[in-house]
Amino acid sequence: MDIAYSPCPNDTFVFDAWAHGRVPGAPPLDVTFADIDITNGMAERGEGTVLKVSYAVLPWVLDEYALLPCGGALGRGCGPLVLARPADTSGGGIRTAAGLAGRTVAVPSERSTAYLLFRLWAADRVPGGVGEVVVLPFHEIMPAVRDGVVDAGLVIHEARFTYQEYGLTRLADMGGHWEETTGLPIPLGAIIAKRSLGAERLRLLAESARTSVRMAWDDPEASRPYVREHAQEMDPSVADRHIGLYVNEFTADLGPNGYAAVRGLLTRAAAEGLVPALAPGALDFP
């Protein structure tokens, strides 16, 4: 079974047992590592059988793919951040959210949950809206903000823990705004699979993902070599914090609150004209 997910610690932690044949009855996996902007594009083109994608891309792909109720990333206190250079007496930097009006902001993708959360936040908090939005690879965003190439940047993943090293300040927490206004967890990454597999096969995939994450929780040390191998020289303590934020109860089962969060995000985004409206039943699992 071909599957594509990121080399980030949360994904390698979740899929370690399954990828290494330790999940009883699970189909063997042929793993491709790819950043989520690449897997989003794969899903839009109908490439790949099982993919880790951004929830933001679902409105474009749910005709062909089904959302699995487990294996993905939702959570609390783990949303994207807007970063800027600290304000100084020379007029550089940005002090408040309102100061983003008309400014240039770098984002990692326009087909990402981070971007949807940012746009929903900006509609509430930035009078007149931001100026130009520039798409950059996420690892280039903090240097671009630091060097004044852009005025601010939207960051994800481990950048939550490392932005101070670039001399940057946190202007706003997109996840915090989402949680304050909805009371729901933050929907980030989803696992999807081709509907053509059929209901029975899709249920097997979901149960395999659920068992894999539970095995990782039962024996965290077993996944450490796989996590380290693909963590791109990330400090082990940062990797552990990354896993702690993004692998949680919603990874094992979306449950009512998880589905409400996904539906709420995509409904709000559709109302702002950011994504197509979901068809009735589009999120239902066979």
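Quick notes on the rules
- For every chain, the first residue of the written sequence is number 1, and numbering continues from 1 onward in sequence order.
- This being a predicted model, a pLDDT of at least 70 is required before a residue's local features are given, and a value of 80 or more before pairs of side-chain atoms are given or counted; all residues contribute to the totals for chains, interfaces and linings.
- Excluding hydrogens and water, the side-chain figures rest on all heavy atoms present in the structure.
- Definition used in this section: a nonpolar core is a set of buried Ala, Val, Leu, Ile, Met, Phe, Trp, Tyr and Cys residues joined via side-chain atoms within 4.5 Å.
- Exposed residues in this analysis have more than 50% of their type's maximum accessible area, buried residues have under 20%, and partly exposed residues fall in between, with area computed by a 1.4 Å probe over protein chains only.
- In this description a helix means any DSSP run of H or I spanning at least four residues, a strand means any run of E spanning at least two, and both kinds are numbered starting from the N terminus.
- Pairs of residues are marked as contacts when any of their non-hydrogen atoms sit within 4.5 Å.
- Think of it this way: DSSP has to see at least two bridges between two strands before they count as a pair.
- Here the term right-handed applies to a crossover when the path leading from its first strand over the helix to its second strand runs clockwise, the strands being oriented away from the viewer.
- Grid points spaced at 1 Å and placed over the protein atoms alone form the basis of the search, with a cavity being a set where a 1.4 Å probe fits but cannot get out and a pocket an open set showing protein on both sides within 12 Å along at least five of seven lines. Lining residues have an atom within 4 Å of a point.
- Grid points are joined across faces, edges and corners, and a volume is the space filled by probe spheres set on the points.
- All amino acids are sorted into three groups, where Ala, Val, Leu, Ile, Met, Phe, Trp, Tyr, Cys and Pro are nonpolar, Asp, Glu, Lys and Arg are charged, and the leftover types, Gly among them, are polar.
- Any Phe, Tyr or Trp ring, taking Trp's six-membered ring, that has another such ring centre within 6.5 Å forms a pair; planes under 30 degrees apart are called stacked, those over 60 apart edge-to-face, and the others tilted.
- To estimate the expected span of a helix, subtract one from its residue number and multiply by 1.5 Å.

Among the nonpolar cores identified, the biggest contains 91 residues, and L58, V82, L100, F118 and W121 are the most heavily contacted of them. Top element by residues in this core is helix α4 (residues 113-125). It accounts for eight residues. Every residue in contact with F118, bar those within four places of it in the chain, is listed here: V82, V105, V130, L154 and M174. In this structure, A106, L136, V150 and Y163 belong to the second largest nonpolar core, which totals 13 residues.

When strand β1 (residues 2-5) meets strand β2 (residues 30-33), the two strands line up parallel, connected through four bridges. Its bridge partner being in β2, Y5 is matched across the sheet by F33. Following the backbone out of β1, through helix α1 (residues 9-19) and into the adjacent parallel β2, one traces a crossover that is right-handed.

This part covers the layout of surface pockets. Where empty space is left in the structure can be found by rolling a water-sized probe over the atoms. Space inside the largest pocket adds up to approximately 970 Å³. Around the largest pocket, the lining comprises 45 residues; the ones closest to its centre are C8, F138, I156, H157 and E158. Those elements giving two or more residues to the lining of the largest pocket turn out to be α1, α2 (36-44), β3 (50-54), α4, α5 (138-146), α6 (159-162), β11 (186-194) and α10 (236-246). Along the lines of polarity and charge, the residues of the lining of the largest pocket split into 23 nonpolar, 14 polar and eight charged.

With that settled, the discussion passes to the packing of aromatic side chains. According to the stated counting rule, one finds five aromatic pairs in the structure shown. Aromatic pair F33 and Y226: ring centres 6.1 Å apart, planes at 55 degrees, arrangement tilted. Placement of the pair is F33 in strand β2 and Y226 in helix α9 (residues 220-230), with a sequence separation of 193 residues. Taken together, Y5, F15, W18, F33 and Y226 form an aromatic cluster joined through their ring pairs.

Now for α4. Compared with an ideal rise of 1.5 Å per residue, which puts 13 residues at 18 Å, α4 spans 18 Å between its outermost C-alpha atoms and is within 8% of the ideal. Of the residues making up α4, those classed as buried are T113, A114, Y115, L116, L117, F118, L120, W121 and A122.

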